Amino acid sequence: MNRPPLLAAAAFFAAAPATALAAGAQTGGRGVAIGFFLAVIALTLAITYWAARRNRTADEFYRAGGRITGFQNGLAIAGDFMSAATLLGITGLIYMSGFDTVIYVLSPLVGMCILVFLVAEPFRNLGRFTVTDVAAYRLQERPIRIFSAFASLVVVLLYLVAQLVGAGALIQILFGLPYGFAVLLIGLLMTLYVAIGGMTATSWVQISKAAILVAAVTILAFLVLLRFDFNLVNMYDAVASAHRLGVGVFQPGGLLKDPVSTMSLGLALVFGFVGLPHVLMRLYTVSDAHEARRSVVYAAGFYSYVSGLIFFVVGYGAIVLLAGRLDYFDAEGGLIGGSNMVAVHLAHEVGGEAFLGFISAVAFATILAVVSGLTIAGASAISHDLYAGAVRHGEASEKEELRASKIATVGLSFVAIALAVAFEKQNIAFMASLVFAVSASASFPLLILALYWRGLTTRGAVIGGVVGLASAVGLIILGPAIWVQILGNESPVFPYSYPGLFSIPAGFLAMIVFSFADKSEAGRAERARYDSQIVESLKDQSIGR
Amino acid sequence: MNETQPGAERHSKETLAPLYARRVVSFCFAAIIVILFYGLVFAMAFAPDWIGAGAPMSVGVAFTVLIIAAAILLNWLYIRRMRDRA
């Protein structure tokens, strides 16, 4: 197994943003980049100011009052997965390893299809504010809320810390600010968006960023194709000549060396995406189930367009256009700033200083938008599931819940900032693997079985969820990312970097076995409520539209 | 009791049958895209030579285009079907 590339692949979800603006600094585009950078901050703060006037109720805070349209929400959902990782990380992976990157490109798209066909409608009809609402519909509220909120928080916190570490390094490179201050700046901005503007601000920051990203990638792909007279075949022939792998760059094996890693990664990315709390929460921001379905369809369209351009044009085009350009390489022949800088160098190569500044600012905007979405999902798990649901048993007033959500936002941000500062010198690549592994192994089985299996009981859901979560975390700790690289042991106990092939079935199996074994009266009552759940989950509120 | 938790109302077969039918259709749509994607992943894992055949315009590149096209088409068909039902 080829571990370094595997970890590099995992890192693109976490640390890709870290060096986004480095080229700006190194090639003289810093002034332009800073200008765009400040414009992004000004725009997002203006959105927050506008949204603050609406953020007066729990409904506004958690789901923007349901006023987001399907088209707008489609942009926002696509934006959640068209992060700096997509623009910088995937471009870099294609540049380095070629075709294997296709798993990263296609898995969110397949996840979106599963969302449209299996999740969007029942999820929107059964739930109110958070992911947990759906599972708690017919199962016992308290244990389900505690477990599900915990799983959501693990996912959110790991993802947040990974993003903040990358974002801190990004600002550090651009402004020359100390790392800790840079993390604090980003943390402060995301806290402002969420605490003051709620879901309205968070959604519109994401929508604006997604629109800008679509435009940026379109321009970048256009400029690349222009260099090849819009002839993709000629470009691919040139790619095969320029890359160290030759035509191997269009064949599997450049990144994933063994079948277990390939299958495991494919499973974790698709099902992990479906279980991400900040993505699922967006299904509540539209008016009804019909709009929820439509929004994911739009998201799939936007994502297909952007990722298709990056995969087929930008990534492969960079191989040819950066080849032999000594100003993008250091004395040892390595790309300045590493593989995550490919898109930024390419922007400079095809569009000059101004376009480089623009692409750099887009990368920064993507980070701000994604961390804001994560923060509101985490804060909602604390205030709605833990405080209002588990602690107050649904007795908290709206005012109290809203206050709790704002306190949770500040608290979660503080913890994330502190962890990001503590992890500055650590290899955080494992966090990205962990996010998708936990989401796929704990949240996804709970969601799917709660929606589609009559036999699921609270006991099975909680025990199975804990098994999925523990196996995902445990196998990653015992794997090469932590056991060898961080703890310094000679060889890993678990030989693979991705545990999905083992932890996802473990989660499902445990939920099924312990539900079957549950002969309690409560379990029987939960199964009996399943028919009502089906009727409620598929009621079509859009009839007559 | 959960504020959203329903009672165990009994529903007739006539009420439930069309809902189950809808779910079967949804699963069929999902199965198509999942099989296509994991077909590619499985082939990358166990038949990399076949996936790489014909590079640079390899089977894998064509498969990728097929999956993206299938995803868009299936989404469009599904939404259309739901709209017609409404």
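Residues numbered from 1 in each chain as written. Chains lettered and ligands numbered in written order. Predicted model: local features only at pLDDT ≥ 70, side-chain atom pairs only at ≥ 80, totals over all residues. Heavy atoms only, no water.

All right, on to the overall build of chain A then. The number of helices and strands found in chain A is 22 helices and zero strands. Taken against the 2.2 N^0.38 rule, which gives 24 Å for 545 residues, the C-alpha radius of gyration of chain A at 23 Å falls within 12% of a compact globule. Seen through its principal axes, chain A has C-alpha atoms that stretch 70 × 50 × 50 Å. Residue burial in chain A is summarised as follows: out of 545 residues, 66% are buried. Taking contacts inside chain A between residues at least 6 apart in sequence as the whole, the part at least 24 apart equals 85%. For chain A, the accessible area works out to roughly 16500 Å², and carbon and sulfur atoms hold 65% of it. Chain A carries 33 positive and 30 negative side-chain charges, and their two centres are separated by 6 Å. (Helix = DSSP H or I, 4+ residues; strand = E, 2+ residues; numbered from the N terminus. Rg over C-alpha atoms; globule rule 2.2 N^0.38 Å. Buried < 20%, exposed > 50% of the residue type's maximum accessible area, 1.4 Å probe, protein only. Contact = heavy atoms within 4.5 Å. Areas by Shrake-Rupley, 256 points an atom, 1.4 Å probe, with all protein chains shown as cover. Lys, Arg positive; Asp, Glu negative; His and termini not counted. Charge placed at Lys NZ, Arg CZ, Asp CG, Glu CD.)

What follows deals with the packing of aromatic side chains. Residue and element names in this part refer to chain A. Scanning all chains against the criterion turns up 32 aromatic pairs over all chains. Here Phe81 and Phe273 contribute two aromatic rings whose centre-to-centre distance is 4.9 Å and whose plane-to-plane angle is 75 degrees, an arrangement assigned as edge-to-face. Here Phe273 lies in helix H12 (residues 259-274) and Phe81 lies in helix H5 (residues 70-81), a separation of 192 residues in the sequence. Neither residue differs from the other here; Phe81 and Phe273 are each classed as buried. Residues Phe81 and Phe436 carry aromatic rings whose centres are separated by 5.9 Å and whose planes lie at 75 degrees to one another, so their mutual orientation is edge-to-face. Pair noted here: Phe81 is in helix H5 and Phe436 is in helix H17 (residues 429-452), with a separation of 355 residues, a long-range link. For Phe81, a relative accessible area of 5% gives the class buried. (Phe/Tyr/Trp six-rings, centres within 6.5 Å; stacked < 30°, edge-to-face > 60°.)

With that settled, consider the side chain of Asp385(A). Residues and elements named next belong to chain A. With respect to the helices, strands and loops of the structure, Asp385 is situated in helix H15 (residues 342-391). Of the residues examined, Asp385 reaches a relative accessible area of 1% and is grouped as buried. Of the polar contacts made by the side chain of Asp385, one reaches the side chain of Thr130; its length is 2.8 Å. (Polar contact = N/O pair within 3.5 Å; in protein donor to acceptor, adjacent residues only side chain to side chain.)

The phi angle of most residues is negative, glycine excepted, and most peptide bonds adopt the trans form. All names here are of chain A. Despite not being glycine, Asp229 has its phi angle at roughly 50 degrees, a positive value. Structurally, the position occupied by Asp229 is in the loop between helix H10 (179-227) and helix H11 (232-242). Residue Phe230 is not a glycine yet carries a positive backbone phi of 60 degrees. For Phe230, the location among the structural elements is in the loop between H10 and H11. Phe230 gets classed as partly exposed once you look at its relative accessible area, which sits at 45%.

Right, let's get into the pattern of salt bridges. Residue and element names in this part refer to chain A. Per the stated rule, a full pass over the model turns up 16 salt bridges over all chains. For the salt bridge of Arg294 with Glu291, the shortest nitrogen-to-oxygen distance reads 3.0 Å. Pair noted here: Arg294 and Glu291 are both in helix H14 (residues 289-321), with a separation of three residues, about one helical turn. For Arg294, a relative accessible area of 27% gives the class partly exposed. By relative accessible area, Glu291 is classed as buried at 7%. (Salt bridge = Lys/Arg side-chain N within 4 Å of Asp/Glu carboxyl O.)

Our next topic: the environment of Ile79(B). If you trace the backbone, Ile79(B) turns up in helix H3 (residues 59-85). Non-local contacts of Ile79(B), meaning those with residues more than four positions away in its chain, are made with Arg293(A), Arg294(A) and Val297(A).

For the rest of this paragraph, the subject is the environment of Asn231(A). Residue and element names in this part refer to chain A. Inspection of the secondary structure puts Asn231 in the loop between H10 and H11. As a C-alpha pair, Asn231 and Phe311 span 80 residues in sequence and 16 Å in three-dimensional space. Polar contacts involving the side chain of Asn231 include one to the main-chain amide nitrogen of Val233, which spans 3.1 Å.

For the rest of this paragraph, the subject is the interface of chain B and chain A. Between chain B and chain A, the contact holds 51 residues from the first and 57 residues from the second. Both sides of the chain B and chain A interface together cover about 4900 Å² of buried area, and 73% of this is carbon and sulfur. In this assembly, chain B and chain A are joined by one salt bridge. Here Glu121(A) ties to Arg22(B) by a salt bridge, and the two come within 2.6 Å at their closest N and O atoms. Applying the counting rule to chain B against chain A returns eight residue pairs in polar contact (both at pLDDT 80 or more). The leading source of residues in the side of chain B that touches chain A is helix H1 (residues 13-46) of chain B, at 20 residues. (Buried area = accessible area lost by both parts, 1.4 Å probe.)

Quick look at H15(A) now. All names here are of chain A. For H15, built from 50 residues, the straight-helix expectation of 74 Å at 1.5 Å per residue is missed by more than 12%, its first-to-last C-alpha distance being only 49 Å. Roughly 140 degrees is the biggest bend found in H15, and it falls at Gly351. Among the 50 residues that make up H15, 42 are buried, leaving the element largely enclosed by the rest of the structure. (Expected span 1.5 Å × (residues − 1). Bend = angle between axes of the 7 residues up to and from the residue.)

Moving on, we get to the packing of H5(A) against H14(A). Residues and elements named next belong to chain A. Two numbers describe how H5 lies on H14: the axes approach to 7 Å, and their chain directions differ by 50 degrees. Put simply, H5 runs oblique to H14. For the crossing formed where H5 meets H14, the hand is right-handed. Note on element contacts: H14 touches H5 through Glu291, Ser295, Val296, Tyr298, Ala299, Phe302 and Tyr303, opposite Gly70, Phe71, Asn73, Gly74, Leu75, Ile77, Ala78 and Phe81. (Axes fitted to C-alpha atoms, helices over the stretch in contact; angles between N-to-C directions. Parallel < 35°, antiparallel > 145°, perpendicular 65-115°, else oblique. Left-handed = near helix turned anticlockwise from the far one by under 90°.)

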